[in-house]
Protein chains: 2
Amino acid sequence: MSKAKLEYDSLPYPTVVVVGGGFAGLEIIQGLNGKPYKVLLLDKQNHHCFQPLLYQVATASLSADSIAHPFRRTIAPMANVAFRMCTVQRVDPPAKLIHTDRGDVPYDILIIATGSTTNFFGNHRMEQEAMQLKSISQALDIRSDFLQDFEAALYAQDEAGQRRCLNFIIVGAGPTGVEMAGALAEIRRTVLKREYRELDSDRMQIWLVDSNERVLKSFSEKSSAHALGYLESMGVNVKLGARVASYDGEVVNFQDGSTMEANTLLWAAGVKGVLIPGLEAGEVPKANRYGVDRFNQINGLPDVYALGDVALMSEGQWERGHPQVAPAAIQQAQLLVKNVIRKSKGEAMTPFTYTDKGSMATIGRYKAVVDAGNLHFGGLIAWLGWMFVHLMALVGYRNRLQVLMGWAWKYMSWKNTIRLIIRPYVRRTVQQAVEVPESA
Amino acid sequence: MSKAKLEYDSLPYPTVVVVGGGFAGLEIIQGLNGKPYKVLLLDKQNHHCFQPLLYQVATASLSADSIAHPFRRTIAPMANVAFRMCTVQRVDPPAKLIHTDRGDVPYDILIIATGSTTNFFGNHRMEQEAMQLKSISQALDIRSDFLQDFEAALYAQDEAGQRRCLNFIIVGAGPTGVEMAGALAEIRRTVLKREYRELDSDRMQIWLVDSNERVLKSFSEKSSAHALGYLESMGVNVKLGARVASYDGEVVNFQDGSTMEANTLLWAAGVKGVLIPGLEAGEVPKANRYGVDRFNQINGLPDVYALGDVALMSEGQWERGHPQVAPAAIQQAQLLVKNVIRKSKGEAMTPFTYTDKGSMATIGRYKAVVDAGNLHFGGLIAWLGWMFVHLMALVGYRNRLQVLMGWAWKYMSWKNTIRLIIRPYVRRTVQQAVEVPESA
């Protein structure tokens, strides 16, 4: 055993276990670095994933490694932080013990930062047949899937078959849906037109479906209208006030009785918190999140905290919880670090107040919308702002450089060169036969 | 249908079908670009893979997309070249027809450039249990496998269990084996030491096994000795004159009766040509290659050519065929293009003569060996030469820039940042339950 390990083990500090290394988890670790705690990060992946740019991995603009960062790289300089790759199976709060697939882990303070996953609202068939975009492997599946559909379209026997391969249905017009729709429209205009000369690129149709009456419903009305204009100018078919009732992998049934054939449907219509067995006492009925007080402690579970997407805190205007976005998770994490330290010292904790710094979404080159307070703007400035904010938020210099280079290359060449089908996307029925540990 | 497609279809030229887009296939396509032939490239992947750098993808130095290039990107400017992604199942030479999983393809001239795959010499158990390194997905499997082994070592109950996780056996001390051994030794010295503080890095042992009495047996004796010196200075255990008899996924049995426990064994002890049913008439018994004349025509099969790894041409000192390396494939392709054109014009074809420009292999930073004619040298100059030659040989500016950046980052930071377990490597028994089309 090396010296460093012995030092960590013998640290005379309470153990803080952080479950999940998303935005909240990483912020907690960075905050507790060098403080009198033994910090242990548990995650089923070995890397942090920068989710806001996942859609660019899915659309072959960025490589997976430019938005992912190994946890061990982050914690390498942190003497009081360790990492274990494992799957948490159950928490036993009375015993202060976490059961994992690799053995038990005791804790003094437990911080749940498991984030969220796609919410199919109980529609199991949809869950089987639809694509989703919450992890890197899902993004790579989408990439392989649409590229395989392009190749398959060349073999289609007739126009209907070709259209089925080239119809892309996106359910949910939030930021993910809008960004995916815009990126696919760019691919049609550039890659499909130039490099699939045998195909009529007009046969590729992108449908963005939402039951609301506007896209980006969490944004200002002005930005929604702006985004809708961008999408329509790029040839995206926006179907508002429409609901998808079912999908069997080939045919989409809308609630108004209409149908459409499509090989690909991306479900981006909602998320739910990733809950852990054993903590049911803290769950808010029907919300799929843990109810927490203003200090992020889960209701009724002392020394167990939850934050970010998986936590539901009623505060001020956010009666039904904060938006499930990175800034809320990061702000909660920053305060929670201070509060944990204060509590250890017997000092009073500070209640959390969310500062909404605004929202931004990008639709295409020079096409983005920004809401910041009473300011709503779009166009080139919004687009540059979006790029700048996302570049700065990435973890690690290498990732920033990689993403910057990726964007420079894409917007100068329009080649989306990362169009590699490395692991072919195997249709869901086959895929489910294998128990791949990361599938959750 | 777009104009370009109609133009291709109506070209009044004979059809040249190229099976396989490796070094030979790409060179053929580039040579026939703009010439009076309709050229159709068939490949089961949608991208060219730069195999000489696969080991750097496997060891997390380069990302997969920096050494792969989409075929459609290459052929985009070539009006008389088309691409179809499919698996060739059988050739019917009398009917001049290729049967694929996507339908039949007629040809006037057929060029087989299918390359080679790992040769397990009939040892099926070894084929199931060993890792191999001939495709990008195999490289990513190796990457996931060794990173999972590092994580698993942290959970091992005792020293023996830890050593089993950290023993890496490489069978075959050709360039692939030597380069992998060197890269793993660098990872032990840097990543393992720095970022797995809980592990004693000396417990990671790399074993390079070969039945020959020297490493890099196709190189000069001087370079072999040089390479051996480098490997030993980096702490690689080189076992020469030793044969691996069997491996069950946990225990390696050597032919001298000794055994060793290891979770990972990489088989790099040989390759064999990828043959296509229907062309048996041209196969050389026991060689796993097609016998070709000096014009690369398969013996007895008019208008069917083979070249590169899958072809066996007796010529001059190369009585038992040329080495299965990129330069031989590229030289044959360059001449074959000229000969096909000459034959069409009724001119005499030129017989092929191989120009051996030498060999090079890299073991670590500043550690490489070069054989060029009577010149044998190592060290910094050889290492820089190796990097320059490989950079220049890559397809596409983006890939060159990516690889250059990757190397700069690696050798300045020693961080091998691309340590992402994106799709966990599932042990072979489970994996075989799925019919993944690219597995070949």
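These numbers were taken from a predicted model, which means no experiment stands behind them.

Basis of the calculations
Position labels on residues start from 1 in each chain and follow its written sequence. Whichever chain is written first becomes A and whichever ligand is written first becomes 1, with later ones labelled in order. Side-chain atom pairs in this predicted model are given and counted only at pLDDT of 80 or more, local residue features only at pLDDT of at least 70, and totals for whole chains, interfaces and linings cover all residues. Numbering of helices and strands runs from the N terminus, with a helix taken as a DSSP run of H or I at least four residues long and a strand as a DSSP run of E at least two residues long. In this treatment the radius of gyration is a C-alpha quantity, and the globule benchmark scales as 2.2 Å times the residue count to the 0.38 power. Exposure classification rests on a simple neighbour count of other C-beta atoms within 10 Å of a residue's own: a residue reaching 20 or more is buried, one at 12 or fewer is exposed, and one in between is partly exposed. C-beta atoms are placed from the backbone. The split into domains, and so the bounds of each, comes from an automatic or database assignment of domains. With C-beta atoms placed from the backbone, a contact is any residue pair whose C-beta atoms sit within 7 Å. Amino acids are sorted into nonpolar (Ala, Val, Leu, Ile, Met, Phe, Trp, Tyr, Cys and Pro), charged (Asp, Glu, Lys and Arg) and polar (every other residue, Gly among them). Each pair of strands is called paired provided DSSP finds at least two bridges between the two strands. To get an axis, a line is fitted to the C-alpha atoms, and for a helix only the part in contact is used. The angle between two axes follows their N-to-C directions and goes from 0 to 180 degrees. Convention used here: a crossover is right-handed provided that the path from the first strand, over the helix, to the second strand proceeds clockwise when the strands point away from the viewer.

With that settled, the discussion passes to the overall build of chain A. The helix and strand tally for chain A stands at 13 helices and 25 strands. In terms of C-alpha radius of gyration, chain A reaches 23 Å, essentially the compact-globule figure of 22 Å for 440 residues. Taken along its principal axes, the extent of the C-alpha atoms in chain A is 70 × 50 × 45 Å. Here chain A holds 440 residues, and 50% of them are scored as buried.

Bringing the domain arrangement of chain A into the picture now. Residue and element names in this part refer to chain A. In terms of domain boundaries, chain A breaks down into domain 1 (3–44 + 86–118 + 272–344) and domain 2 (124–269 + 365–439). Between the C-alpha centres of domain 1 and domain 2 there is a distance of 32 Å. Facing the 5 residues of domain 1 at the interface are 6 residues of domain 2. Here the residues of the side of domain 1 that touches domain 2 sort into 2 nonpolar, 2 polar and 1 charged.

In this section: the sheet that holds strand 8 (residues 103–106) of chain A. Residues and elements named next belong to chain A. Pairing in this open sheet of 3 strands is antiparallel, and the strands run 6-7-8 from one edge to the other. Of all the strands in the sheet, the pair left with one neighbour each is strand 6 (88–92) and strand 8. Looking at each pair of strands side by side, their axes are set apart by 25 degrees on average, direction ignored. Pairing analysis gives 4 bridges linking strand 6 to strand 7 (residues 97–100), with the strands arranged antiparallel. Within the sheet, the bridge partner assigned to Arg 90 lies in strand 7 and is His 99.

What follows deals with the sheet that holds strand 22 (residues 311–312) of chain B. Residues and elements named next belong to chain B. If you trace the 3 strands from one edge of the open sheet to the other, you get 19-20-22, paired in mixed fashion. A single partner strand is all that each edge strand has here, and the edge strands are strand 19 (283–284) and strand 22. Examined bridge by bridge, strand 19 and strand 20 (residues 289–291) share 2 bridges and lie antiparallel to one another. By the bridge assignment, Val 284 is partnered in strand 20 with Arg 289.

This brings us to the pairing of strand 12 (residues 205–210) of chain A. Residue and element names in this part refer to chain A. The buried fraction of strand 12 is high, at 5 of 6 residues. Examined bridge by bridge, strand 11 (residues 167–171) and strand 12 share 5 bridges and lie parallel to one another. Across the sheet, the residue bridging to Val 171 is Val 209, located in strand 12. Handedness of the crossover joining strand 11 and strand 12 through helix 8 (residues 175–195) is recorded here as right-handed. Of the pairings in the sheet, the one linking strand 12 to strand 13 (residues 237–240) comprises 4 bridges and is parallel in character. Paired with Asp 210 across the two strands is Leu 240, which belongs to strand 13. Taken together, strand 12, helix 9 (residues 221–233) and strand 13 constitute a β-α-β crossover, and its handedness is right-handed.

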